[in-house]
Amino acid sequence: MNKCSFVALFLFAIVLATAPRAGAGAQVSPYLRQWGALGAGNGQFHSPSGVAVDAGGNVYVADTYNHRIQEFTAEGVYVTQWGTEGSGDGQFEYPFGLAVDGSGNVYVADQDNNRIQKFSSSGAYLAQWGTYGVGDGQLSHPTGVAVNGSGSVCYVADNNNQRVEKFTGSGAYITQWGTYGTGDGQFGNPFGVVLDAGGNVYVSDWWGNRVQKFTSDGGYLGQFGSAGSGNGQFNHPRGVALDAAGNVYVADEFNQRLQVFIPGGAYMVQWGSPGSGNGQFSNPYGVAVSGNGTVYVADSYNHRIQVFNSALVPTKPTSWGSIKASYR
């Protein structure tokens, strides 16, 4: 072998040895794109809190301090908006959580008006329920809302009342569960709520630094998480969402990251760090996953929506940057 051939072979060997390989320590990023900036114009935000995706991939955002809901295409193109500040039909006082049923109707946790409002997919006002109080069907600063696909059942994270309330899709009270505390089935300011395919209910327990799981009628099933910054720990979890496989996505607010868990609650993966760069967060609040697995996060203090690719989520527990798993 001549000297030139030896050098070429040596260099090729270095490339092979150092090149990232999928499923074997590859450095990957799930970040896809973002949209939004601080402001009150079309497509701008002031501290967005909630995000939801309909069956067609359209994205709805609770633009909290602008007291409105904005709708976008899956790529972030502005479509429409509705809402102004106030307490009338279709008005808002700091809207927070969002949900969409299978017919495209949009449910909004109208936080400081202590009610849930329901709209058509184009923003036409349909109904509302809830008044301020602690009685059955009353609310105190609701922050999360979830509906089943048919729109027949609605769950509300009744934040200041430390409980979850269950209603019909038209607002008739059914039942409730929860009191203040750290025991099983108790809450320290429940924020996010979401349903799995079997009708089980996941609730992010903000002060409790955990996610709790319940049956459709509030029977306690289990929990995961504890206070901290390690894998699977939380520093005040906010939004919670599920993908088609039942994996659980949690906006870990003060850890400035998103964490993903398998349906049983075992830690899978995380991404995010403090900042305003691509894939970084400043107080992530709401999270939603579309039918094709695209993940949308309301990056509240950065006044934007960030979009990620869940196809890069590994099939067993790991962490970004040291992935040693196969991919779906």
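Quick caveat: nothing in here was measured; it's all calculated off a predicted structure.

### Re the overall build of the protein chain
So, point 1. Within the protein chain, the regular secondary structure consists of 1 helix and 24 strands.
So, point 2. Across the protein chain, every contact between residues at least 6 apart in sequence was considered, and the portion connecting residues at least 24 apart equals 44%.
So, point 3. For the protein chain, the exposed surface amounts to about 12,900 Å²; the carbon and sulfur share of it is 52%.

### Some remarks on the sheet that holds strand E13 (residues 173-177)
So, point 1. Judged by pairing direction, the sheet is antiparallel, and its 4 strands sit side by side in the order E10-E11-E12-E13 without closing on themselves. In this open sheet, the two edge strands, each paired with only one partner strand, are strand E10 (142-147) and E13. Across the sheet, the mean angle from the axis of one strand to that of its neighbour is 20°, orientation sign disregarded.
So, point 2. Sheet topology places strand E11 (residues 153-158) next to strand E12 (residues 163-168); 6 bridges connect them, and they run antiparallel. Note that in E12 the partner of Cys 154 across the bridge is Phe 167.

### Comments concerning the layout of surface pockets
So, point 1. Reported here for the largest pocket is a volume of approximately 970 Å³.
So, point 2. Taken together, 43 residues line the largest pocket, and the ones lying closest to its centre are Val 194, Leu 195, Ala 241, Leu 242 and Val 289.
So, point 3. When contributions to the lining of the largest pocket are tallied by element, the ones reaching two or more residues are strand E2 (48-53), strand E6 (95-100), E10, strand E14 (190-195), strand E18 (237-242) and strand E22 (284-289).
So, point 4. Grouping the constituent residues of the lining of the largest pocket by class yields 24 nonpolar, 14 polar and 5 charged.

### Examining the pattern of salt bridges
A side chain of one charge can pair with a side chain of the opposite charge if their charged atoms are brought near each other.
So, point 1. Taken as a whole and assessed by the stated rule, the structure comprises 9 salt bridges.
So, point 2. With a closest N to O distance of 2.8 Å, Asp 217 and Lys 166 form a salt bridge. Pair noted here: Asp 217 is in the loop between strand E16 (210-214) and strand E17 (220-224) and Lys 166 is in strand E12, with a separation of 51 residues, a long-range link.
So, point 3. Take Asp 217: its relative accessible area is 52%, and that puts it in the exposed class.
So, point 4. For Lys 166, a relative accessible area of 8% gives the class buried.

### Some thoughts on the side chain of Thr 143
So, point 1. For Thr 143, the location among the structural elements is in strand E10.
So, point 2. Its relative accessible area of 2% is what places Thr 143 among the buried residues.
So, point 3. Polar side-chain contacts of Thr 143 include one of 3.2 Å to the backbone oxygen of Pro 190.
So, point 4. If we ignore the near neighbours within four places in the chain, the residues touching Thr 143 are Phe 96, Gly 97, Ala 109, Gln 111, Ala 157, Asn 159, Pro 190 and Phe 191.

### Topic: the side chain of Arg 163
So, point 1. Relative to the helices and strands, Arg 163 resides in strand E12.
So, point 2. Overall, the relative accessible area of 4% leaves Arg 163 in the buried class.
So, point 3. There is a polar contact of 2.9 Å between the side chain of Arg 163 and the backbone oxygen of Gln 138.
So, point 4. At a separation of 3.3 Å, a polar atom in the side chain of Arg 163 contacts the side chain of Glu 165.
So, point 5. Ignoring sequence-local partners within four residues, the contact set of Arg 163 consists of Gly 133, Val 134, Gly 135, Gln 138, Val 156, Ala 157, Asp 158, Gln 176, Trp 177, Gly 178, Phe 187 and Pro 190.

### Concerning the environment of Gly 246
So, point 1. Topologically, Gly 246 is positioned in the loop between E18 and strand E19 (248-252).
So, point 2. Along the chain, Gly 246 and Ala 197 lie 49 residues apart, while their C-alpha atoms are 7.7 Å from each other.

### Section: unusual backbone geometry
So, point 1. Residues other than glycine seldom take positive phi values, yet Ser 47 does so here, at roughly 55°.
So, point 2. Residues other than glycine seldom take positive phi values, yet His 303 does so here, at roughly 55°.
So, point 3. Counting through the fold element by element, His 303 comes out in the loop between strand E23 (294-299) and strand E24 (304-309).
So, point 4. Accessibility expressed as a relative area gives 14% for His 303, which makes it buried.

### Here's the deal with the environment of Glu 85
So, point 1. Summarising the element assignment, Glu 85 is placed in the loop between strand E5 (78-82) and E6.
So, point 2. Remark: the alpha-carbon pair of Glu 85 and His 67, spanning 18 residues in sequence, is separated by 5.2 Å.
So, point 3. In contact with Glu 85, other than residues within four places in its own chain, are His 67, Gln 91, Phe 92 and Glu 93.

### Here we look at the sheet that holds strand E15 (residues 201-205)
So, point 1. The sheet built from 4 strands is open, its strands ordered E14-E15-E16-E17 with antiparallel pairing. Both outer strands of the open sheet, E14 and E17, are each paired with one neighbouring strand and no more. Taken over all neighbouring pairs, the strand axes of this sheet differ in orientation by 20° on average, direction set aside.
So, point 2. Across 4 bridges, the pairing between E16 and E17 is antiparallel. Paired with Val 211 across the two strands is Phe 224, which belongs to E17.

Cut-offs used in this document
Residues numbered from 1 in each chain as written. Predicted model: local features only at pLDDT ≥ 70, side-chain atom pairs only at ≥ 80, totals over all residues. Heavy atoms only, no water. Helix = DSSP H or I, 4+ residues; strand = E, 2+ residues; numbered from the N terminus. Contact = heavy atoms within 4.5 Å. Areas by Shrake-Rupley, 256 points an atom, 1.4 Å probe, with all protein chains shown as cover. Pairing = 2+ DSSP bridges. Axes fitted to C-alpha atoms, helices over the stretch in contact; angles between N-to-C directions. 1 Å grid on protein atoms, 1.4 Å probe; cavity = no way out; pocket = protein on both sides within 12 Å on 5 of 7 lines; lining within 4 Å. Points joined across faces, edges and corners; volume = space filled by probe spheres on them. Nonpolar A, V, L, I, M, F, W, Y, C, P; charged D, E, K, R; others polar. Salt bridge = Lys/Arg side-chain N within 4 Å of Asp/Glu carboxyl O. Buried < 20%, exposed > 50% of the residue type's maximum accessible area, 1.4 Å probe, protein only. Polar contact = N/O pair within 3.5 Å; in protein donor to acceptor, adjacent residues only side chain to side chain.

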